[in-house]
Amino acid sequence: MSVHAVLHVKGRVLAGPDDVRDELWVVDGLISYDRPVGARDVRTVAGWALPGLVDAHCHVGLGPHGPVEPGVAEKQALTDREAGTLLIRDAGSPSDTRWVDDRADLPKIIRAGRHIARTRRYIRGFAHEIEPDDLVAYVAREAERGDGWVKLVGDWIDREAGDLTPSWPREAAAAAIAEAHRLGARVTAHCFAENSLRDLVESGIDCIEHATGLTQDLIPLFVERGVAIVPTLVNIATFPQLAAGGEAKFPNWSAHMRRLHERRYDTVRAAYDAGIPVFVGTDAGGTLPHGLVAAEVAELVTAGIPPLEALSATTWGAREWLGRPGLEEGAPADLVVYETDPRADVGVLAAPRRVVLNGRVVG
């Protein structure tokens, strides 16, 4: 886009939770709050503009049985884009999606490498399945492959115990997290249960995915250590179905999954009330469809998070947490425009009027 081809976004530009502007301009794909001199070919988009939405737990290139072909991954990314998701933290994928970085029409991805799980303790085809002695080496490997994140599977069903148990001894987890930090990467972990959390948080982990096992006695520890959570409530909604499928063989696990599901909203609200950072993630990929970011924001509101804070969890706050710009002067013009004020009703996120990526209207 040359200086003679300009995009003008007017109406209400929500540059921050308390920073509302009347307009912005896009020149050469970048945001400006000053009208460009000499602009001739101006396209105008009107409405309520937000930074491109963030899905902080998504899986591009992952299907129900593991990696998928690039064409399928492309459709996943396009589905997210059409929903207004323009920044994805890919929380583990066995596919190499670096080719996406060369596509200006696809969402930006922050990768966490491939999941690292205990042998036979995760979904087949998804993860590196290893033993604790190899954990440090594999964390170092995925830190090199990722974009500043590494993803562990912190707990999973133990068939001998018949319930969820931690995947890693505390010493192995601590050493692996320390190695990731040495290499400049943050670490997150899939955790459903209660008994995997203390060791991981005290070992220095940066984030917990799902966090359904977060209990009142653990909340102060999360607050003290600054550990964020990404609840993925649209995924937790599937727990009753999962529990029903495993009840005959693993009745204790099934009952546990139902309890985690029943208290899911209370868990998220208690975390928010205590000051734990909460971010939007859908867990799309694998078995869940892409494009669910609006549904997850609505779930956070249902859990009791104020609408403005739920919006921040997928816009301003999420981008700051991930180290990516929002609607700032000189930033890439990644934004979504809506008919009405999303602060008044987060339901409007499900119907973007326009999607602008790298300064171009793509949806």
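Residues numbered from 1 in each chain as written. Predicted model: local features only at pLDDT ≥ 70, side-chain atom pairs only at ≥ 80, totals over all residues. Heavy atoms only, no water.

Draft legend 1. Layout of the overall build of the protein. For the protein, the count of helices and strands is twelve helices and 20 strands. Counting only C-alpha atoms and orienting by the principal axes, one finds that the protein spans roughly 70 × 40 × 35 Å. Every one of the 363 residues in the protein was classed for burial, and the buried ones make up 56%. Restricting the contact set of the protein to residue pairs at least 6 apart, pairs at least 24 apart contribute 66%. When the accessible area of the protein is evaluated, it comes to approximately 14,500 Å², of which 49% is carbon and sulfur surface. The centroid of the 39 positive side-chain charges in the protein is displaced by 3 Å from the centroid of its 52 negative side-chain charges. (Helix = DSSP H or I, 4+ residues; strand = E, 2+ residues; numbered from the N terminus. Buried < 20%, exposed > 50% of the residue type's maximum accessible area, 1.4 Å probe, protein only. Contact = heavy atoms within 4.5 Å. Areas by Shrake-Rupley, 256 points an atom, 1.4 Å probe, with all protein chains shown as cover. Lys, Arg positive; Asp, Glu negative; His and termini not counted. Charge placed at Lys NZ, Arg CZ, Asp CG, Glu CD.)

Draft legend 2. Local environment of the layout of surface pockets. Computed from the structure, the largest pocket encloses a volume of approximately 770 Å³. Breaking the lining of the largest pocket down by element, the ones donating at least two residues are strand E13 (155-158), helix H7 (239-246) and helix H8 (251-262). Its residues placed into classes, the lining of the largest pocket shows 14 nonpolar, 13 polar and three charged. (1 Å grid on protein atoms, 1.4 Å probe; cavity = no way out; pocket = protein on both sides within 12 Å on 5 of 7 lines; lining within 4 Å. Points joined across faces, edges and corners; volume = space filled by probe spheres on them. Nonpolar A, V, L, I, M, F, W, Y, C, P; charged D, E, K, R; others polar.)

Draft legend 3. Fine view of the sheet that holds strand E5 (residues 53-58). Spatially, E5-E8-E9 is the arrangement adopted by the three strands of the open sheet, whose pairing is parallel. Two strands lie at the open edges of the sheet, namely E5 and strand E9 (108-111), each paired on one side alone. Taken over all neighbouring pairs, the strand axes of this sheet differ in orientation by 20 degrees on average, direction set aside. The pairing of strand E8 (residues 85-90) with E9 spans four bridges and is parallel. Residue pairing for E9: Leu 87 is matched across the bridge by Lys 108. (Pairing = 2+ DSSP bridges. Axes fitted to C-alpha atoms, helices over the stretch in contact; angles between N-to-C directions.)

Draft legend 4. Summary view of helix H2 (residues 135-145). Turning to H2, its buried residues are Leu 135, Val 139, Ala 140, Glu 142 and Ala 143. Contacts from the buried residues of H2 go to strand E10 (116-118), strand E11 (128-130), strand E12 (149-153) and helix H3 (170-182).

Draft legend 5. Local environment of H7. Every buried residue of H7 is listed here: Phe 239, Ala 243 and Gly 246. Seen end-on, H7 carries its buried residues on one side only, within an arc spanning 75 degrees. More than 90 degrees from the buried face of H7, the exposed residues found are Gln 241 and Gly 245. Buried residues along H7 sit against helix H6 (233-236) and H8. (Arc of directions from axis to C-beta.)

Draft legend 6. Geometry of empty space enclosed by the protein. Taken as a whole and assessed by the stated rule, the structure comprises two cavities of 30 Å³ or more. Lining the largest cavity, in full, are Gly 154, Pro 166, Ser 167, Trp 168, Ala 173, Asn 195, Ser 196, Asp 199 and Leu 200. Empty space within the second largest cavity amounts to approximately 40 Å³. Every residue along the wall of the second largest cavity is listed here: His 210, Ala 211, Thr 212, Ile 229, Pro 231, Leu 233, Ile 236, Arg 264, Thr 267 and Val 268. Of the residues forming the lining of the second largest cavity, the biggest block, three residues, is contributed by helix H9 (residues 264-274). For the lining of the second largest cavity, a count of residues per class yields six nonpolar, three polar and one charged.

Draft legend 7. Quick peek at the packing of aromatic side chains. Tallied over the entire structure, the rule returns six aromatic pairs. Ring centres of Tyr 122 and Trp 156 lie 4.8 Å apart, and the angle between their planes is 70 degrees; this geometry places the pair in the edge-to-face category. Linking Tyr 122 in the loop between E10 and E11 with Trp 156 in strand E13, this pair joins segments that are 34 residues apart in sequence. Each member of the pair Tyr 122 and Trp 156 is classed as buried. When the ring of Phe 192 is compared with that of Phe 239, the centres are 4.8 Å apart and the planes differ by 75 degrees; the resulting orientation is edge-to-face. You can see Phe 192 sitting in the loop between strand E15 (186-191) and helix H4 (197-202) and its partner Phe 239 sitting in helix H7, a full 47 residues away along the chain. One exposure class covers both Phe 192 and Phe 239, and it is buried. Connected via pairs of aromatic rings, a cluster forms that spans Tyr 122, Phe 126, Trp 156, Phe 192 and Phe 239. Sitting above the plane of the Trp 149 ring, Arg 89 keeps its charged end 4.6 Å from the centroid. Its end group placed over the ring of Tyr 265, Arg 264 keeps NZ or CZ at 4.2 Å from the ring centre. (Phe/Tyr/Trp six-rings, centres within 6.5 Å; stacked < 30°, edge-to-face > 60°. Lys NZ or Arg CZ within 6 Å of the ring centre and 35° of its normal.)

Draft legend 8. Quick look at the sheet that holds strand E4 (residues 41-51). Ordered in space as E3-E2-E1-E4-E18-E19-E20, the seven strands form an open sheet in which the pairing is mixed. Across the chains shown, the open sheet's two edge strands, defined by having one partner strand only, are strand E3 (30-32) and strand E20 (360-361).

Draft legend 9. Summary view of the pattern of salt bridges. Taken as a whole, this structure holds 25 salt bridges when the rule is applied. For Asp 22, the salt bridge is made with Arg 12, and the minimal N-O distance between the two is 3.1 Å. Here Asp 22 is found in strand E2 (residues 19-27), whereas its partner Arg 12 is found in strand E1 (residues 5-16), with ten residues between them in sequence. One salt-bridge network, in which partners are shared between bridges, spans Arg 170, Arg 198, Asp 199, Glu 202 and Asp 217. (Salt bridge = Lys/Arg side-chain N within 4 Å of Asp/Glu carboxyl O.)

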